[in-house]
Amino acid sequence: MNPKFNQMFEQVSLPTGITLKNRIVLAPMTHMSSNADGTISDAELAYYARRTGGAGMSITAVGHVTETGIGFPAQFGVYDDRFIPGLKKLAETIKQQGSVAVLQIFHAGRLTPEQAVPAGQVVAPSAVASERPGSPEPRELTDAEITSIIKDFGEATRRAIEAGFDGVEIHGANGYLIQQFFSPHSNRREDRWGGSVEKRLTFPLAVVDEIQKVVAEHTKLPFIIGYRFSPEEPETPGLTMEDTYLLVDALKDKNLDYLHVSVNEFWSKPRRGEADTRSRMEFILDRVNGKLPVIGVGSIHTADQAVEALQTGVPLLAIGRELIIEPDWVEKIESGREEDIETILTKSDQERLVIPDGLWNAIIHTPGWFPMAEDK
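Values in this document were obtained by computation on a predicted structure and should not be read as measured data.

(A) Representation of the side chain of D349. Note that D349 resides in the loop between β13 (345-346) and α12 (350-353). Here T346 takes part through its backbone nitrogen, which lies 2.8 Å from a polar atom of the side chain of D349. At 3.1 Å, the side chain of D349 forms a polar contact with the side chain of R352. Once you skip the residues sitting within four places of it in the chain, D349 turns out to touch I344 and W360.

Have a look at this one:
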């Protein structure tokens, strides 16, 4: 291996006591390939088996914690014990490759497709529609429903423990329910769940507390709890970097194992509110100040790009689309074959790369999502 890549292969010890073999994380990516009943499919097991061998930690696609919290077609569920056998197969598949297995969990909130829930009953903190085209106006959740959903996150975590996962990642990013409670755009409540920024933090922190309580009750083994967040929103009103600093301050005192920043480009700059030219990732690293590990992410394709990102001081780096294009990305760098890394897909690559039909169709029909070339 080229010595300039040594940093990538240093071990990382998480606060809970679990040690990762290197600094590379398989990013959570929607693959839309679960069975129609929400159970884990053979296609997604094969997909994970093909691309988790190199990563120190692998975070699954997200599972929904309530039946009506689904966000995508062909998504797996974690809201009932009947899903545990399939989840166990998924955890075993990842761990057999030598990677630490983390289950991402969420509720889609106002981004739930109307056709996916009974009578199209989409729910959210407030009756405010997303600005995404075609979004419905959701029904405002009651206090009792909110309390129930918090318990659902705990129950999903219990199932992750019983299935043999090494941890869970709380999906508080990308405009889904947890972020909706924190956002001034989607949360217009004036009760204990909204109003001031401190009250808008109540739901996210209650989810963390519930999950930590469940972990303490159901396992004596080290169990990872991570939290993913989006640092800003484009809407007005919407989350700003100043809001995110308050979120980070609250989370870094919660004894979590890591924070995972959700951005499309690692080097992207703040939308507003910061005068200097550093990236959002660098501002967040400063705010965390080494209190717990941070996972950086965003359009990292080559080994040199990964090294440049790690030089910011970010402890962990999530690789997403590139591990779809090149499942052996980590192994090729480790064996000195970084020049052989593929960074472009062709339309005949699906079978070779073990990409499920749902994900492949999304890739083919979403221009610009992946770099595509004509068949060789």
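(B) Region of the structure containing the packing of helix α1 (residues 42-51) against helix α2 (residues 84-96). Where α1 contacts α2, the two axes come as close as 8 Å, and the packing angle between them is 20°. With respect to α2, the element α1 is oriented roughly parallel. Of the two elements, α1 crosses α2, and the hand of that crossing is right-handed. Residues L45, Y48 and A49 of α1 lie in contact with α2, whose contacting residues are K89, L90, T93 and I94. For the contact of α1 with α2, a count of residues per class yields 5 nonpolar, 1 polar and 1 charged.

(C) Structural view of the pattern of salt bridges. In the structure shown here, the tally under the stated rule is 24 salt bridges. Here R192 and D143 are joined by a salt bridge, their closest N and O atoms 2.8 Å apart. Of the two residues, R192 sits in the loop between α4 (177-182) and α5 (197-200) while D143 sits in helix α3 (residues 143-163), which places them 49 residues apart along the sequence. Exposure remark for R192: the relative accessible area of 46% places this residue in the partly exposed category. A salt bridge links K252 to D249, with the shortest nitrogen-to-oxygen separation between them at 3.7 Å. Through salt bridges with shared partners, one network takes in D81, E155, R158, R159 and E162.

(D) Main features of empty space enclosed by the protein. Counted by the stated rule, this structure contains 2 cavities of 30 Å³ or more. By volume, the largest cavity amounts to about 70 Å³. Forming the boundary of the largest cavity are T30, H31, M32, S34, A61, V62, F72, P73, A74, Q75 and F76. Here the residues of the lining of the largest cavity sort into 7 nonpolar, 4 polar and no charged. Approximately 50 Å³ is the volume found for the second largest cavity. Every residue lining the second largest cavity is listed: G172, I178, Q179, F182, Y227, F229, S230, L239, T244 and L247. The set of elements that each furnish at least two residues to the lining of the second largest cavity consists of α4, β9 (224-229) and α7 (241-251). Residues that form the lining of the second largest cavity fall into these classes: 6 nonpolar, 4 polar and no charged.

(E) Representation of the sheet that holds strand β11 (residues 294-297) in the model. Strand order in the closed barrel formed by 8 strands is β3-β4-β5-β8-β9-β10-β11-β12, with parallel pairing between adjacent strands. Across the sheet, the mean angle from the axis of one strand to that of its neighbour is 30°, orientation sign disregarded. Each of β5 (100-106) and β8 (167-172) is contacted by α3, which is oriented at about 155° to β5, the strand it contacts most.

(F) Layout of the pairing of β8. Summarising burial for β8: 6 of the 6 residues are buried, a large majority. Residues G167, E169 and H171 point to one face of β8 and V168, I170 and G172 to the other, with burial holding for every one of them. In this sheet, β8 lies alongside β5 in parallel orientation, the contact comprising 4 bridges. From the neighbouring strand, I105 faces β8, where its bridge partner is I170. Bridge count for β8 against β9 is 6 bridges, and the pairing is parallel.

Calculation criteria
- Residues numbered from 1 in each chain as written.
- Predicted model: local features only at pLDDT ≥ 70, side-chain atom pairs only at ≥ 80, totals over all residues.
- Heavy atoms only, no water.
- Helix = DSSP H or I, 4+ residues; strand = E, 2+ residues; numbered from the N terminus.
- Polar contact = N/O pair within 3.5 Å; in protein donor to acceptor, adjacent residues only side chain to side chain.
- Contact = heavy atoms within 4.5 Å.
- Axes fitted to C-alpha atoms, helices over the stretch in contact; angles between N-to-C directions.
- Parallel < 35°, antiparallel > 145°, perpendicular 65-115°, else oblique.
- Left-handed = near helix turned anticlockwise from the far one by under 90°.
- Nonpolar A, V, L, I, M, F, W, Y, C, P; charged D, E, K, R; others polar.
- Salt bridge = Lys/Arg side-chain N within 4 Å of Asp/Glu carboxyl O.
- Buried < 20%, exposed > 50% of the residue type's maximum accessible area, 1.4 Å probe, protein only.
- 1 Å grid on protein atoms, 1.4 Å probe; cavity = no way out; pocket = protein on both sides within 12 Å on 5 of 7 lines; lining within 4 Å.
- Points joined across faces, edges and corners; volume = space filled by probe spheres on them.
- Pairing = 2+ DSSP bridges.

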